[in-house]
Amino acid sequence: MSISQRKKDHLKIALQKKVEFFNKTSGFEKYDFTHCAVPELDLNSIDISTVFLNKKVSAPLMVTGITGGCREALKINKAIAEACSEQLIAVGVGSERQLFESSEFIESYRIVRTSAPNVPVIGNIGAAQLVSVKSFDKIKNLTDVIEADAIAVHLNPLQEMLQPEGDVNFKGVLNSIEKLSAQTDIPIIVKEIGCGISKQVAEKLYNAGIRYIDIAGAGGTSWAGIESFRQKERELALSFLDWGIPTAESLRQVRQFKDLHITASGGIRSGIDMAKAIALGADMCGAALPFLKTAVQSGRCGLNKMIGLWKDQLKGVLFLTGSQSIKMLRRPGVCVKSNE
Ligand SMILES: Cc1cc2nc3c(=O)[nH]c(=O)nc-3n(C[C@H](O)[C@H](O)[C@H](O)COP(=O)(O)O)c2cc1C
């Protein structure tokens, strides 16, 4: 099956089927904010902007890699990128591996940069594919297409294991990441796609020179869920439906690396989830499935509304906890485990 057809299948399944975790949650519901009845703040003076990849963005939010490399991706990526440009938030493209096969759908990636010239745009490639790339010039070509501010390298062992055409040789992945990081000018963001990053893995990545990770933990999109709908024999995929480290737990494990920039994604579904992720140590938040669904159902306008709402929710949490800045959400006692 061509990569393009696979991309198309993933979109169709994610849009039409129930593909989120069944029994496992992101873990954010276990945390709550302590309400402050005397915030001593002017809501209108609260600033949630931040700097990401050397560019000022209006909020610590990005649309993480979703699609590219098939006909359907063009319209989706255009709507997402236009909304991200208007809202001044970062945006990623889906895996650019398809460009190794042909340049037929190159516009489905390029449209992201042409529609969002003013925000960080992040390229994307699989770690398993990185191993077989002979020269990193090929990766440079991928970043050039979208004038990328960074490239995301995704770790997806579960998905590769479940895909009939999966790339299951992960030997040498860490070494390839280390080499790429040493030879590339732009930052590398190592990300999972919904199973989380443990403390041990974060440590290995840190020692390999990586300073940006996106934990993409369990609790949102389940790739075992998506793959289960692509197969005749569904048992194996179904048995891994709830596999992974919940996002809140993954965040707790990786936050101790002081100069590691952490994006929290995987089940972030509101500005209140964003606030909890930041309180637990994230520098940036990301989401995929809700943006994909909104892009298809209500286009750029719907996305603008949704991103606006998430920003207002985040601002609201800052106001109601007496926090002038997003970092102030990390003060002791502001975000507490619900049963404490
Ligand atoms: C349809 C779909 C396609 C995706 N494709 C990619 C991809 O090509 N590369 C990647 O790094 N992540 C990909 N992801 C994973 C997301 O970037 C994200 O890490 C994951 O879905 C968890 O976030 P969520 O719970 O908000 O969806 C994809 C997600 C979806 C829903």
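Read on for a plain summary of the structure. (Residues numbered from 1 in each chain as written. Predicted model: local features only at pLDDT ≥ 70, side-chain atom pairs only at ≥ 80, totals over all residues. Heavy atoms only, no water.)

### Quick notes on the pattern of salt bridges
Basically, it comes down to this: By definition here, a salt bridge exists when the distance from a side-chain nitrogen of Lys or Arg to a carboxyl oxygen of Asp or Glu is within 4 Å. Each helix corresponds to a stretch of at least 4 residues labelled H or I by DSSP, and each strand to a stretch of at least 2 residues labelled E; elements are numbered beginning at the N terminus.
In the structure shown here, the tally under the stated rule is 18 salt bridges. Notably, a salt bridge pairs D9 with R230, separated by 3.9 Å at the nearest N-O pair. Of this pair, D9 sits in helix α1 (residues 3-16) while R230 sits in the loop between α10 (223-228) and α11 (235-239); the two residues are 221 residues apart in sequence, bridging distant segments of the chain. Of the charged contacts, one joins R110 and E107 as a salt bridge, the two residues approaching to 3.9 Å between their closest N and O atoms.

### Details of the sheet that holds strand β7 (residues 150-154)
Going by this rule: A pair of strands is labelled paired if DSSP reports no fewer than 2 bridges between them. Every axis in this analysis is a line fitted to C-alpha atoms, fitted for helices over the stretch in contact. Angles between the N-to-C directions lie between 0 and 180 degrees.
One closed barrel accounts for eight strands, arranged β4-β5-β6-β7-β8-β9-β10-β11; its pairing is parallel. Averaged over neighbouring strand pairs, the angle between their axes works out to 25° when direction is ignored. Examined bridge by bridge, β7 and strand β8 (residues 188-191) share four bridges and lie parallel to one another. The residue of β8 that forms the bridge with H154 is K191.

### Digging into the pairing of β7
This is how the line gets drawn: Each residue is placed in one exposure class: buried if its accessible area under a 1.4 Å probe, protein chains only, is under 20% of its type's maximum, exposed if it is over 50%, and partly exposed if it falls in between.
The element β7 is largely enclosed, with a buried count of five among its five residues. A two-sided burial pattern is seen for β7, the buried positions comprising A150, A152 and H154 on one face and I151 and V153 on the other. Across five bridges, strand β6 (residues 121-126) lies against β7 in parallel orientation. Across the sheet, G126 pairs through a bridge with H154, a residue of β7.

### Quick notes on the site of the ligand
What counts is decided by this rule: Each residue is tested against the molecule or strand, and it is near if at least one of its non-hydrogen atoms lies within 4 Å. The Shrake-Rupley method, run with a 1.4 Å probe, gives the accessible areas here. Residue values count only the displayed protein chains as cover.
If you check the shell around the ligand, you find 23 residues, and the closest are G65, S95, K191, T221 and R269. Out of a free accessible area of 610 Å², the ligand has 97% covered by protein chains. Among the elements that take part in the shell around the ligand, helix α14 (residues 289-320) stands out by supplying three residues, more than any other.

### Quick notes on helix α8 (residues 173-183)
Test applied: It is the directions from the helix axis to the C-beta atoms that the arc portrays. Two residues form a contact once any of their heavy atoms are found within 4.5 Å.
Within the span of α8, buried status applies to V173, S176, I177 and L180. Down the axis of α8, the smallest arc covering the buried residues is 100°, so these residues share one side. Buried residues in α8 make contact with α5 (127-132), α6 (137-145), β7, β8 and α9 (199-207).

### A closer look at the packing of aromatic side chains
Basically, it comes down to this: When the centres of two rings from Phe, Tyr and Trp lie within 6.5 Å, Trp using its six-membered ring, the rings pair. Their planes under 30 degrees apart give stacked, over 60 give edge-to-face, and anything left gives tilted. Note on criteria: charge over ring means Lys NZ or Arg CZ within 6 Å of the ring centre, with the direction from the centre no more than 35 degrees off the ring normal.
Under the defined criterion, the tally for this structure stands at four aromatic pairs. Geometrically, the ring pair formed by F240 and W243 is edge-to-face, given 5.5 Å between the ring centres and 65° between the ring planes. Of the residues examined, W243 reaches a relative accessible area of 51% and is grouped as exposed. The side chain of K138 reaches across the aromatic face of F100, ending 4.4 Å from its centre. Across the ring face of Y206, the terminal group of R211 is positioned such that the distance to the ring centre comes to 3.6 Å.

### Considering the environment of T247
Along the chain, the position of T247 falls in helix α12 (residues 247-254). Put simply, T247 and C335 are 88 residues apart on the chain and 16 Å apart in space, counted from C-alpha to C-alpha. Not counting chain neighbours up to four residues away, the residues in contact with T247 comprise S26, F28, I215, G217, A218, S265 and G266.

### Re the environment of P60
For P60, the position within the fold is in the loop between β3 (55-57) and β4 (61-63). Judged by relative accessible area, P60 falls into the buried class, the value being 0%. It is 9.7 Å that separates the C-alpha atoms of P60 and L314, two residues lying 254 residues apart in sequence. Ignoring anything within four residues of it in the chain, the contact list for P60 reads I48, T50, M274, I278, D283, M284, C285, L314 and I326.

### Points about the packing of helix α2 (residues 71-87) against helix α4 (residues 106-115)
Note the threshold: Should an angle lie under 35 degrees it is considered roughly parallel, over 145 roughly antiparallel, and from 65 to 115 roughly perpendicular; all remaining angles are considered oblique. Two helices crossing with the near one rotated counterclockwise from the far one by less than a right angle form a left-handed crossing, whereas a clockwise rotation gives a right-handed crossing.
At a minimum axis separation of 8 Å, α2 and α4 run at an interaxial angle of 15°. Here α4 runs roughly parallel to α2, going by the angle between their axes. Here α2 runs over α4; the crossing is right-handed. Of the residues in α4, those touching α2 at A73, L74, N77, K78, A81, E82 and S85 are E107, S108, I111, V112 and S115.

### Looking at the packing of α2 against α14
Relative orientation and spacing of two packed helices are given, respectively, by the angle between their axes and the distance between those axes. Inclusion rule: Under the scheme applied, nonpolar residues are Ala, Val, Leu, Ile, Met, Phe, Trp, Tyr, Cys and Pro; charged residues are Asp, Glu, Lys and Arg; polar residues are all the others, including Gly.
Close contact between α2 and α14 brings their axes to 9 Å; oriented N to C, the two are set at 15°. When the axes of α2 and α14 are compared, the pair comes out roughly parallel. Note that α2 runs across α14; the crossing there is right-handed. Counting all contacts with α2, which are made through I76, A79, I80, E82, A83, E86 and Q87, the residues of α14 involved are F291, L292, A295, V296, G299, R300, L303, N304, I307, G308 and K311. Class assignment for the residues of the contact of α2 with α14 results in ten nonpolar, four polar and four charged.

### Focus on the state of the cysteines
Formally, a disulfide is one covalent bond, and it connects the sulfur atom of one cysteine to the sulfur atom of another. Under the convention used in this document: Disulfides are defined in this document as cysteine sulfur pairs within 2.5 Å.
Evaluation of the coordinates by the stated rule reveals zero disulfides. Summary of cysteine pairing: C285 is not part of a disulfide, and the nearest cysteine sulfur, belonging to C335, is at 12 Å. Assessed through its relative accessible area of 17%, C335 is described here as buried.

### Points about the side chain of R6
As for its position among the elements, R6 is in helix α1. If we skip the residues at most four places from it in the chain, R6 touches M1, R97, Q163, E165 and R230.

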